[in-house]
Amino acid sequence: HEVKLSSIGTLDGGVRCNPVVAGLSALCIWGFVLWAAIEQEDMAEDTQLAQAWVTDVWNWLYMFSQNVWIVVLIWLLFQHYDLKLGKDDESPEFDDLTYFAMLFSAGVATGLWYYTAEAMWHYEGYGTPRWMDSSMWNDNTRAEMALMVT
């Protein structure tokens, strides 16, 4: 049994989709959205139970897949260690240590933003969050709320 794929767009090689799969997916998504809009309390309780079940049952798969991903990356590193960005006859603009320093700095900058700057942004009250009312909240509570939002 073959299902004809529909072509969307006017250019050659446009987006191709299976109308049955696309229609069923749209129906499921809109069903979930309507359920969430109509039965908010039931949806919240059911999704919390589903999330707890997924976490309890499938946590091992997540941990295993992350370890496999790291092993694959290390294998790629040693398999293609002589990889050079650019043309074959050009010398690299940066050496390995400089590339590592740039990547490390990008990772550290992301962590600093996430754990420091974003929390300070929430603490200072940009966007006027509800915990900025000084008559209700002291500085310590404001800091706790900013960290929880982060």
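Bear in mind that the values here come from a model prediction, so they are computed numbers and not experimental data.

I tried to follow the confidence of the model for the protein on my own but got confused; where do I start?
Where the model shows low pLDDT, its predicted coordinates should not be examined in detail. With 83% of its residues at a pLDDT of 70 or more, the protein has an overall mean of 81. Taking the mean pLDDT of every element in the protein, the minimum, 55, falls on strand β1 (residues 6-8) and the maximum, 94, on helix α1 (residues 19-38).

Explain the packing of helix α3 (residues 96-124) against helix α4 (residues 139-149) here, please?
The relative placement of two packed helices comes down to the angle between their axes together with the axis-to-axis distance. Relative orientation of the contacting elements α3 and α4 amounts to 130°, with a least axis distance of 8 Å. As far as their axial angle goes, α4 and α3 are oblique. In terms of crossing hand, the pair formed by α3 and α4 is right-handed. Two secondary-structure elements touch here, α3 through Ala119, His122 and Tyr123 and α4 through Asp139, Arg142, Ala143, Ala146, Leu147 and Val149. Class assignment for the residues of the contact of α3 with α4 results in 6 nonpolar, 1 polar and 2 charged.

Quick question: what am I supposed to make of α3 here?
For an α-helix the count is 3.6 residues per turn, leaving residues at separations of three or four pointing the same way. Over its 29 residues, α3 runs 40 Å from end to end, which matches the ideal 42 Å to within 8%, given 1.5 Å per residue. Along its length, α3 reaches its greatest deviation from straightness, about 40°, at Trp113. Of all the positions in α3, only Glu118, Ala119, His122 and Tyr123 are classed as buried. Contacts made by the buried residues of α3 are with α4. Once α3 finishes, Gly125 follows within two positions and takes phi at roughly 90°, a positive value.

What should I look at first to understand the packing of α1 against helix α2 (residues 40-79) in this one?
Interhelical geometry of α1 versus α2 gives an angle of 120° and a closest axis separation of 5 Å. Of α2, the residues touching α1 (which contributes Phe32, Trp35, Ala36, Ala37 and Ile38) are Gln40, Asp42, Met43, Asp46 and Thr47.

I keep staring at the packing of aromatic side chains and nothing clicks. Help me out?
The relation between two aromatic rings is expressed through the spacing of the ring centres and the mutual angle of the planes. The tally for this structure, following the rule as stated, stands at 4 aromatic pairs. Between Phe32 and Trp35 the ring centres are 5.7 Å apart and the planes differ by 75°, which places this aromatic pair in the edge-to-face class. Of the two residues, Phe32 and Trp35 are both situated in helix α1; the distance of 3 residues between them amounts to about one turn of the helix. For Phe32, a relative accessible area of 43% corresponds to the partly exposed category. Among the residues examined, Trp35 registers a relative accessible area of 30% and is labelled partly exposed.

So, how was this worked out
Residues numbered from 1 in each chain as written. Predicted model: local features only at pLDDT ≥ 70, side-chain atom pairs only at ≥ 80, totals over all residues. Heavy atoms only, no water. pLDDT = per-residue confidence, 0-100. Helix = DSSP H or I, 4+ residues; strand = E, 2+ residues; numbered from the N terminus. Axes fitted to C-alpha atoms, helices over the stretch in contact; angles between N-to-C directions. Parallel < 35°, antiparallel > 145°, perpendicular 65-115°, else oblique. Left-handed = near helix turned anticlockwise from the far one by under 90°. Contact = heavy atoms within 4.5 Å. Nonpolar A, V, L, I, M, F, W, Y, C, P; charged D, E, K, R; others polar. Expected span 1.5 Å × (residues − 1). Bend = angle between axes of the 7 residues up to and from the residue. Buried < 20%, exposed > 50% of the residue type's maximum accessible area, 1.4 Å probe, protein only. Phe/Tyr/Trp six-rings, centres within 6.5 Å; stacked < 30°, edge-to-face > 60°.

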